Amino acid sequence: MSDLLLLLAGSVLVLHLLFNLWVVCGAFVTNGRPTLERLHILSLFYGVVMENVSWPCPLTVAQKWFLMKAGQVPYQGDFLLHYLQTVVAPGFPLELLRWGAIGVFLVNLAVYARRYARTHRHAYHH
């Protein structure tokens, strides 16, 4: 049973990483796909809010729960901060992560704004 729970914890980890990749890079793969654009913009808002408030992320909660049920000691704190401190630098500051989330949000919105302006400028001239 613990192998299945560890597999589920690993699956949630992969899903979490993919969601974060989607939030960071989504604007670059949604061009011409209005439904995906709307979904990505909602994901951007969710991502920036979750990194800047103290609400627990459901994926982090699920991963920690599976680890605990499998007999593992789950990591403490935030998902991104935990893995950045593990992979990048032990003292990776939370404040930098929060500002990074705001930066990702603004860059993606700039991509959408430019795309919107280009589309409407082109439509206006025709």
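Refer to the structure above for everything that follows.
What counts and what doesn't
Residues numbered from 1 in each chain as written. Predicted model: local features only at pLDDT ≥ 70, side-chain atom pairs only at ≥ 80, totals over all residues. Heavy atoms only, no water. Core = buried A, V, L, I, M, F, W, Y, C linked by side-chain atoms within 4.5 Å. Buried < 20%, exposed > 50% of the residue type's maximum accessible area, 1.4 Å probe, protein only. Helix = DSSP H or I, 4+ residues; strand = E, 2+ residues; numbered from the N terminus. Contact = heavy atoms within 4.5 Å. Salt bridge = Lys/Arg side-chain N within 4 Å of Asp/Glu carboxyl O.

A short note on the nonpolar core
Link 1 in the chain: Core analysis: the largest hydrophobic core is formed by eight residues, namely Trp22, Val23, Ala27, Leu44, Val48, Ala101, Phe105 and Tyr112.
Link 2 in the chain: At the level of secondary structure, the elements contributing two or more residues to this core comprise α1 (2–25), α2 (34–52) and α5 (94–124).
Link 3 in the chain: No other element matches α5, which puts three residues into this core.
Link 4 in the chain: When residues no more than four places from it in sequence are discounted, the contact partners of Val23 are His40, Ser43, Leu44, Val104 and Asn108.

Considering the pattern of salt bridges
Link 1 in the chain: Taken as a whole and assessed by the stated rule, the structure comprises two salt bridges.
Link 2 in the chain: For Glu37, the salt bridge goes to Arg115, with nearest N and O atoms at 2.8 Å. Taken together, the residues Glu37 in helix α2 and Arg115 in helix α5 connect sequence positions 78 residues apart. Both residues of the pair, Glu37 and Arg115, count as buried.

Function-wise, these values are silent; they only describe arrangement.
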